[in-house]
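Architecture at a glance
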Amino acid sequence: MNSGAGPLRDRLLILRPVDRAHPSGAPCDSWQAVRRIWGAFEGFTGRLYLAALAEQSGLSARVRIRRRSDIQPGMRLQARGASYHIQAVQPDPDPAWLWLLLERIDGNG
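Here the residue numbers are simple positions, counted from 1 along each chain's written sequence. With the structure being a predicted model, the display of local features is reserved for residues of pLDDT at least 70 and the display and counting of side-chain atom pairs for 80 or more, all residues being used for whole-chain, interface and lining totals. Calculation of side-chain values draws on the structure's entire complement of heavy atoms; hydrogens and water are dropped beforehand.

1. Some details on the overall build of the chain
Operational definition: For the purposes of this entry, the term helix denotes a DSSP run of H or I that reaches at least four residues, the term strand denotes a run of E that reaches at least two, and both are numbered from the N terminus. Burial here depends on accessible area, computed with a 1.4 Å probe over protein chains only, as a share of the maximum for the residue type. Under 20% is buried, over 50% is exposed, and the range in between is partly exposed. Working rule for contacts: check all heavy atoms of both residues, and any pair within 4.5 Å makes them a contact. Using a 1.4 Å probe, accessible areas were evaluated by the Shrake-Rupley method; residue-level cover was limited to the displayed protein chains.
Within the chain one finds one helix and six strands. The 109 residues of the chain split such that 32% are buried. For the chain, restricting intrachain contacts to residue pairs at least 6 apart in sequence, the fraction spanning at least 24 positions comes to 52%. Taken as a whole, the chain presents about 7,000 Å² of accessible surface, with 49% of it coming from carbon and sulfur.

As structure tokens, this is what we get:
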């Protein structure tokens, strides 16, 4: 039976960096939610992982989204309980789609 979820079955949260000062006055990194979107999340495994390593070190996943102009490298994405740096935004052969190349953020990131 078809669940009806379609190809964009993962709920994603896009965040952008915000400059804020710590109460001590020192600058600190802070992130602000921009929007929630739907996407197709893929962790890199096997051959796809090796191809990603050849292209850009540190990549751990990618996500396919509908084309939009407000997502850029340097932003963050939260999906499936983890956070990722958006390393690159690449076009898909189909002009309706984009690929976001992601690097997972460890607990200290």
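The discussion continues.
2. Concerning the pairing of strand E5 (residues 82-91)
Counted only if it meets this: Here, strands pair whenever DSSP counts at least two bridges between them.
For strand E4 (residues 76-79) and E5, the ladder comprises four bridges, and the chain directions are antiparallel. Looking at the pairing, Ala79 lines up with Ala82 of E5. Connecting E4 to the next strand, E5, in antiparallel fashion are two residues, including Arg80 with a positive phi near 50°. A loop of five residues connects E5 with strand E6 (residues 97-104), the two strands running antiparallel in sequence.

3. A few points about the side chain of Ser30
Tracing the chain through its elements places Ser30 in strand E2 (residues 27-43). Taking the relative accessible area as the measure of exposure, Ser30 reaches 14% and is therefore buried.

4. Overview of the confidence of the model for the chain
Filter applied, for reference: For every residue, the predictor states its confidence as a pLDDT score lying anywhere from 0 to 100.
When pLDDT is averaged across the chain, the result is 81; 72% of the residues are at 70 or more. Of all the helices and strands in the chain, helix H1 (residues 46-55) carries the lowest mean pLDDT, 52, while E4 carries the highest, 95.

5. Topic: unusual backbone geometry
Phi at Arg80 takes a positive value of approximately 50°, unusual for a residue other than glycine. Within the secondary structure, Arg80 sits in the loop between E4 and E5. Using a relative accessible area of 56% as the deciding quantity, one classes Arg80 as exposed.

6. A look at the nonpolar core
Applicable threshold: For this analysis, a nonpolar core means a set of buried residues of the types Ala, Val, Leu, Ile, Met, Phe, Trp, Tyr and Cys, connected via side-chain atoms within 4.5 Å.
Val63, Ile65, Ile71, Leu77, Ile86, Leu100 and Leu102 are the most contacted members of the largest nonpolar core, which totals 17 residues. Among residues more than four places away in sequence, those in contact with Leu77 are Leu12, Leu13, Ile14, Val63, Ala82, Ser83, Tyr84, Ile86, Leu100 and Leu102.

7. Overview of the pattern of salt bridges
To keep it simple, the criterion reads: Salt bridges are defined by distance alone: a side-chain nitrogen of Lys or Arg within 4 Å of a carboxyl oxygen of Asp or Glu.
Applying the stated criterion to the full structure yields five salt bridges. Note that Arg64 and Asp92 form a salt bridge whose closest N and O atoms lie 3.6 Å from each other. In this pair, Arg64 sits in strand E3 (residues 61-66) while Asp92 sits in the loop between E5 and E6, placing the two residues 28 residues apart along the sequence. A relative accessible area of 22% means that Arg64 is categorised as partly exposed. Its relative accessible area of 14% is what places Asp92 among the buried residues. Taken together, the shared-partner salt bridges connect Arg35, Arg68 and Asp70 into one network.

8. Here's the deal with the environment of His85
Here His85 lies in strand E5. Distance in space between the C-alpha atoms of His85 and Arg104 is 6.4 Å, their sequence separation being 19 residues. Ignoring any residue separated from it by four or fewer positions in sequence, one finds His85 in contact with Met75, Arg76, Leu101, Leu102, Glu103 and Ile105.

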